[in-house]
Amino acid sequence: MKKKLSVVALLVIVLLAIPYFLFPEFLFNLAREANWHSAGLVKKEVRVDSDRIVYLEGGQGETVLLLHGYTANKDNWPYFAKRLTRDYHVVIPDLAGFGESTKRLDANYNIDSQVKRLDRFAEVLQLGKFHLAGNSMGGAIAAVYAARFPQKISTLALLAPYGLRTAKKSDFERQMEKGVNLLIVTSPDDFEKMLPYIFVKSPPMPGAFKKVLAAQAMAAREFNAKIGKDLSDERLALEQFLPLIQAPVCIIWGDQDRLLDVSGASILEKGLKNHQTVIMKDTGHLPMMEKPAETAAAYKNFLKNQRSM
C-alpha cells in the first residue's frame, strides 16, 4: 500500500512539474496576476493622446500614484502597494515606453517628455490632487512633476531618484564610464550580473521565473537603449528643481545602493524645504521590492504625519 502511495505521489509531482518546465511564461503570468489580486489591484488601460497606457488600480481614499524606474515596469510595486490599498486609492502605470504601454521609436522618453505624459494621464483619469512617489527614473519624473505642478501634489516620495549630478559616483556609474550599461541585458548571464547592482538580497523567485524575466529584459534591450540615450542626451540636473517643490517630501534610500549612491539623500535634504529621510540598512536600489513591508511602513508613517499636521 505504501509503495502504491509513493508511486501516486511521484506521479503527482511529475504532473505538477511538467507545466513549470514547459510553460514557465504562462505560470509566471498567473503568479503575477495573483500578486495583483492579493494587493487589491486590477489591470486596466487607457488611451492618453497617442499612447496606450496600461496601469494597475485598486483601493479607496486619497490617491497615491507610483512610478517605476528605467528598464522596469508596474510590477515593481505590488508587494509595496499591498500595504496601501486598504487606506488609499493606488494607481501604478507602465510609463510610456515600458511594460505593456506604447513604445514608439519616433517619440522621446526623456524626463521632460514623461512629465508631460504623466500630467495628461492624471487628467484623463481625473485624479485631481494626489500623493506622488517614484523610484530611480520614476523619482526624477516625480520630482520634476512636483516642481512644475505644485498645486496638484499633496506629498512627494523620492526613492533613490535619478538625476542628482553632484552625488558620489556609484559602482554602476563607474561601469557606465567604461561603456558598460549593466541595465541593458543581452544574455541570461547579463541578467545575473545586474541583480547585485539592484539588490543586496534578491527577492526569492523560482529559477524558471528568473529565466522569463531575463528573456523579457533581452527582448526590451534595443528599446531600453533608445530610452537610455534620450535620458543621457537630456542631461537632467535634478538639483535645480528641488527649491521649486512645495509639497512635503519623504526621502527613502538604501544604504547599499550600487546603482545610485546614497550620498544623493543629503543633496535632496539640502535642496528641499520640508522633508523626512529614511535610510534603509542593508538595502539596495529597489527598497519597495527588497523590503516592501518596511518601506511601506515608513511611507505610511510619513503620510500619517502629514495628515496630523
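Going by the structure above, here's the rest.
The shown structure was predicted, so the numbers you read here are calculated from the model rather than taken from an experiment. (Residues numbered from 1 in each chain as written. Predicted model: local features only at pLDDT ≥ 70, side-chain atom pairs only at ≥ 80, totals over all residues. Heavy atoms only, no water.)

**Q** Please explain helix α9 (residues 221–234) as it appears in this structure.
**A** Owing to its 3.6 residues per turn, the α-helix aligns residues three or four sequence positions apart on the same side. Look at α9: 20 Å from first C-alpha to last across 14 residues, which is about the 20 Å you get at 1.5 Å a residue. The set of residues buried in α9 consists of Phe-223, Asn-224, Lys-226, Ile-227, Asp-230 and Leu-231. Taken end-on, α9 shows its buried residues confined to a sector of 155°, consistent with a single buried face. Every exposed residue of α9 that faces more than 90 degrees away from the buried side is listed here: Glu-222, Lys-229 and Asp-233. The elements touched by buried residues of α9 are α4 (111–124) and α5 (137–148). One or two residues past the end of α9 sits Arg-235, with phi positive at roughly 50°. (Helix = DSSP H or I, 4+ residues; strand = E, 2+ residues; numbered from the N terminus. Expected span 1.5 Å × (residues − 1). Buried < 20%, exposed > 50% of the residue type's maximum accessible area, 1.4 Å probe, protein only. Arc of directions from axis to C-beta. Contact = heavy atoms within 4.5 Å.)

**Q** Can you help me understand the packing of aromatic side chains in this one?
**A** Both the distance between ring centres and the angle between the ring planes are used here to describe each pair of aromatic rings. For the structure shown, the criterion picks out eight aromatic pairs. With 6.0 Å between their ring centres and 40° between their planes, Phe-130 and Tyr-145 make a pair best called tilted. Within this pair, whereas Phe-130 is found in strand β5 (residues 130–135), its partner Tyr-145 is found in helix α5, the two being separated by 15 residues in sequence. Of the two residues, Phe-130 and Tyr-145, both sit in the buried class. The rings of Trp-77, Phe-80, Tyr-299 and Phe-302 are connected pair by pair, giving a single aromatic cluster. Positioned above the aromatic ring of Tyr-197, the side-chain terminus of Arg-258 is 4.0 Å from the ring centre. (Phe/Tyr/Trp six-rings, centres within 6.5 Å; stacked < 30°, edge-to-face > 60°. Lys NZ or Arg CZ within 6 Å of the ring centre and 35° of its normal.)

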